[in-house]
Amino acid sequence: MSAEIPIYDPELLKKYNLGERHETLKGDESLCVRPLYMSDYNRGFLELLGELTEVGNISEEQFQEQFEFMKNSHGTYYCTVIIDTIKDRVVGASTLLMERKFIRGCALRARLEDVVVSPNYRGKQLGKCIVEILTNLGRALGAYKMTLDCKDSMTPFYESLGYAKEPGNSNTLSIRYAAASKPEPKL
Ligand SMILES: CC(=O)SCCNC(=O)CCNC(=O)[C@H](O)C(C)(C)COP(=O)(O)OP(=O)(O)OC[C@H]1O[C@@H](n2cnc3c(N)ncnc32)[C@H](O)[C@@H]1OP(=O)(O)O
């Protein structure tokens, strides 16, 4: 079993009054929000991500290597989970990514990534809860804006949480690489 190592300092959520005080979590004491732990490999974190997209077979060693890299990336990755503390399972997750820029006086731009709630826990406001917490964390950490990419069908969900298409500035363009190589961990 991996150690209970958080990917970022749990005190951050307390410092900015996020997580514990969220109305949704006040209503169900079995649920809590916290940073991803290395041991969440064994709490169904990757299976949950599988509800969002293809994950593949990731060994615990691979997971730990990626986790260490992200943890040591100087405040870039804020992978956050909702835990059912009775079942000891990850039931919701998302990542706040803080991107450092040279523009705007070396500003920080926030990105919301990989929002997912376990099918059995949907419709209980948990998706809304984790998006609100990470949106507020992005603001608290000093980002000048926060953006996300989503399917057209998800637009109303994010609009209900304050996100908006900016006129003339709402296109996401992609290139899909046919054969993705394994990332170089040292890069
Ligand atoms: C940036 C990204 O990561 S985009 C990827 C988004 N994730 C996915 O598509 C993965 C599969 N889907 C899921 O995991 C979940 O359905 C989620 C995360 C989208 C929503 O999680 P839930 O916990 O069920 O949502 P939650 O209960 O918080 O819903 C909050 C509100 O949004 C509404 N809502 C939920 N899903 C949608 C949707 N697809 N379209 C419009 N409204 C929606 C709910 O009706 C609810 O409205 P209410 O406040 O009036 O009651």
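First things first, this report covers the structure right here in the doc. (Residues numbered from 1 in each chain as written. Predicted model: local features only at pLDDT ≥ 70, side-chain atom pairs only at ≥ 80, totals over all residues. Heavy atoms only, no water.)

## So, the site of the ligand
Looking at the ligand, there are 22 residues lining it, with Val115, Val117, Gln125, Gly127 and Lys128 nearest. Gln125 is positioned such that a nitrogen or oxygen atom in its backbone is 2.8 Å from an oxygen atom of the ligand. One nitrogen or oxygen atom from the main chain of Leu126 is found 3.5 Å from an oxygen atom belonging to the ligand. Here the ligand has 980 Å² of accessible area as a free molecule, and 68% of this is covered by the chains. Elements that contribute at least two residues to the shell around the ligand include exactly strand 4 (108–117), helix 6 (126–140) and helix 7 (155–159). Here the shell around the ligand takes 6 residues from strand 4, the largest share from any one element. Split into classes, the residues belonging to the shell around the ligand amount to 12 nonpolar, 4 polar and 6 charged. (Near = heavy atom within 4 Å. Polar contact = N/O pair within 3.5 Å; in protein donor to acceptor, adjacent residues only side chain to side chain. Areas by Shrake-Rupley, 256 points an atom, 1.4 Å probe, with all protein chains shown as cover. Helix = DSSP H or I, 4+ residues; strand = E, 2+ residues; numbered from the N terminus. Nonpolar A, V, L, I, M, F, W, Y, C, P; charged D, E, K, R; others polar.)

## A closer look at the pairing of strand 3 (residues 89–100)
Most of strand 3 sits inside the fold, with 9 of its 12 residues counted as buried. Relative to strand 3, strand 2 (residues 77–84) is paired through 8 bridges, and the arrangement is antiparallel. Across the sheet, the residue bridging to Tyr78 is Leu96, located in strand 3. Inspection of the sheet shows strand 3 paired to strand 4 by 8 bridges, in the antiparallel sense. By the bridge assignment for strand 4, Met98 is matched with Ala110. (Buried < 20%, exposed > 50% of the residue type's maximum accessible area, 1.4 Å probe, protein only. Pairing = 2+ DSSP bridges.)

## A short note on the side chain of Ser30
Following the sequence through the fold, Ser30 ends up in the loop between helix 2 (23–26) and strand 1 (31–35). A polar side-chain atom of Ser30 sits 2.6 Å from a polar atom in the side chain of Asp28. Sequence-distant contacts of Ser30, defined by excluding residues within four places in its chain, comprise Ile83, Asp84, Thr85 and Ile86. (Contact = heavy atoms within 4.5 Å.)

## Examining the pattern of salt bridges
Following the criterion strictly, the structure yields 7 salt bridges and no others. Measuring nitrogen to oxygen at the nearest pair gives 3.1 Å for the salt bridge that ties Glu4 to Arg43. Taken as a pair, Glu4 in the segment before helix 1 (11–15) and Arg43 in the loop between strand 1 and helix 3 (45–49) lie far apart in primary sequence, 39 residues in all. The partly exposed category is assigned to Glu4, whose relative accessible area is 47%. For Arg43, a relative accessible area of 7% gives the class buried. (Salt bridge = Lys/Arg side-chain N within 4 Å of Asp/Glu carboxyl O.)

## Points about the sheet that holds strand 5 (residues 145–147)
In spatial order, the strands read 1-2-3-4-5; together these 5 strands make up an open sheet with mixed pairing. At either margin of the open sheet sits one strand with a lone partner, and together these are strand 1 and strand 5. Taking each pair of neighbouring strands and ignoring which way they run, the sheet shows an average axis angle of 20°. Where strand 1 and strand 2 come together, 5 bridges link them in antiparallel fashion. Considered in strand 2, the bridge of Val33 is made with Ile82. The strands touched by helix 6 are strand 1, strand 2, strand 3, strand 4 and strand 5; relative to strand 3, the strand with the most contacts, the crossing angle is about 25°. (Axes fitted to C-alpha atoms, helices over the stretch in contact; angles between N-to-C directions.)

## What to know about the side chain of Asp84
Tracing the sequence through the fold places Asp84 in strand 2. For the buried Asp84, which has no salt bridge, the nearest side chain bearing the opposite charge is Lys87, at an N-O separation of 4.7 Å. (Lys, Arg positive; Asp, Glu negative; His and termini not counted.)

## So, unusual backbone geometry
Positioned with a positive phi, His74 is a non-glycine residue whose angle comes to about 50°. Located in the positive-phi region is Asp114, a residue other than glycine, with phi close to 50°. Secondary-structure assignment places Asp114 in strand 4.

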